[in-house]
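What the coordinates show
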Amino acid sequence: MQTSSNLLAHSAMFSAAPQTSAAAGGKKKLIYDQDHRGPLSTDTAATVMLLQADNIDLLGICTVSCDMWAKQETAYALRLLEIMGRTEIPVFLGAQEPLLNTKAEAQMRYQMFGARSLGDEGYLGSFAKDAPGRDEINPLPPPYNRFAQIKAQPEPAADFIIRTIRANPNEVTMYCGGPMTNLALAVMLAPDIVPITKEVIFMGGGIHHSTSSVNVYFDAEAAKICFRAGFSKFTVVITDLAEQVHMQDDGKVDAIVERAHSPIADLFREYEQKPQRANPQRRSFRMPDEMMAAHAIDPSIFTGYDEMYIDIVTHNDGHYGDTSFWDADWKDHGGELAGQNNPAIKAGRVQVLNGINKKRFRELFTDLMTRPIRRSK
């Protein structure tokens, strides 16, 4: 098993951070903040979507611990960029721990209050009992095959976020596919970036399917800080919507394996098609991060949204990380109880996507995966 020192030797030696520049041709400027689990997951599939989209200017990839520890995620992200031929995109090692939450506390909550089994609420990511240590870096399987030769940047992810948004006021979209630890750190260090961020896109929480999700309860304090910060546009994909589409639906995987180019075909053959054929009853994972990428690429795929207020429970009890939602027009629906059912005083206002055109989403996803690999020139 590789250690952190081996990671430095193989894939995460630091190189000078490039300066960001204006996007060519009116492309959407996007910072991709992600708990980048490999070899293939909803995280990495969304990465490939954004790499393949010709209207996205991917300014940088920031890793954050959750599904895996950030160092392992960084190794996957660097090598994915190599095999996709996109080594011009910088990678930044992000927060390796939540702001306050710890593995010991997470395990203690389960001992005291029990594990919630609805959906994936029992999933703990790198806080699971059998998860590797924070500095353990496992070798990368095929088609990655080895650690990357390109290096992560020496600049912390939060500093990169601050620098990039300041350099591109009102132009940068923040894609937060994991816990919002990096963004929360950036907001606390530089609150001036809040009014000049174009949009934040986040996946987490739920209203009916799961009142919490790992992206929230891994670092509930970070989620609370970001929701309360006052971003002018904050779009949320909740688990209720994400559960409407799964990877194996509609023959997407077989079509991708048959028509895609390497390494995309290799990834889907090995980590989606083979497991499904070995176990036809296997239920593939929902596609939340891919939905976020679709919203960044073509928001018209989504059929509507609800304006809502949101806040996060941060009490150190069995409800740590729960999401609380209120209708934006709660005063009109509260009747005599309106004064008692108001949102939390500092609750953030967000757009909760509430519908998706499944046919158009499938077509976009399959097209991005099967078109020629969009390598750097």
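For the structure itself, look to the data block above.
Residues numbered from 1 in each chain as written. Predicted model: local features only at pLDDT ≥ 70, side-chain atom pairs only at ≥ 80, totals over all residues. Heavy atoms only, no water.

What follows deals with a nonpolar patch on the surface. On the surface, Met108, Met112 and Phe113 cluster together into a nonpolar patch covering about 320 Å² of accessible area. Looking at the secondary structure, you find Phe113 in helix α4 (residues 103–113). (Patch = residues over 30% accessible without salt bridge, like charges linked within 9 Å, V, L, I, M, F, W, Y side chains within 5 Å. Areas by Shrake-Rupley, 256 points an atom, 1.4 Å probe, with all protein chains shown as cover. Salt bridge = Lys/Arg side-chain N within 4 Å of Asp/Glu carboxyl O. Helix = DSSP H or I, 4+ residues; strand = E, 2+ residues; numbered from the N terminus.)

A pair of packed helices can be characterised by two numbers: the angle between their axes and the separation between those axes. Where helix α10 (residues 252–259) meets helix α14 (residues 358–370), the closest approach of the two axes is 9 Å, and the angle between their N-to-C directions is 25°. In terms of their interaxial angle, α10 and α14 are classed as roughly parallel. At the point where α10 passes α14, the crossing takes the right-handed sense. Residues Lys252, Ala255, Ile256 and Arg259 of α10 form the contact with α14, whose own contacting residues are Arg362, Phe365, Thr366, Met369 and Thr370. When its residues are assigned to classes, the contact of α10 with α14 shows four nonpolar, two polar and three charged. (Axes fitted to C-alpha atoms, helices over the stretch in contact; angles between N-to-C directions. Parallel < 35°, antiparallel > 145°, perpendicular 65-115°, else oblique. Left-handed = near helix turned anticlockwise from the far one by under 90°. Contact = heavy atoms within 4.5 Å. Nonpolar A, V, L, I, M, F, W, Y, C, P; charged D, E, K, R; others polar.)

Below, the discussion takes up the side chain of Asp33. By the secondary structure assignment, Asp33 is in strand β1 (residues 28–34). Of the side chains bearing the opposite charge, Arg163 lies closest to the buried Asp33, which forms no salt bridge; the N-O distance is 13 Å. When near neighbours in sequence (up to four residues on either side) are disregarded, Asp33 contacts Cys62, Val64, Ile161, Met174, Tyr175, Cys176, Gly177, Gly178, Pro179 and Asn182. (Buried < 20%, exposed > 50% of the residue type's maximum accessible area, 1.4 Å probe, protein only. Lys, Arg positive; Asp, Glu negative; His and termini not counted.)

Let us now look at a negative patch on the surface. Residues Asp306, Asp327, Asp329 and Asp332 make up a contiguous surface patch of negative charge. Examined against the element boundaries, Asp332 turns out to sit in helix α13 (residues 330–333). (Charge placed at Lys NZ, Arg CZ, Asp CG, Glu CD.)

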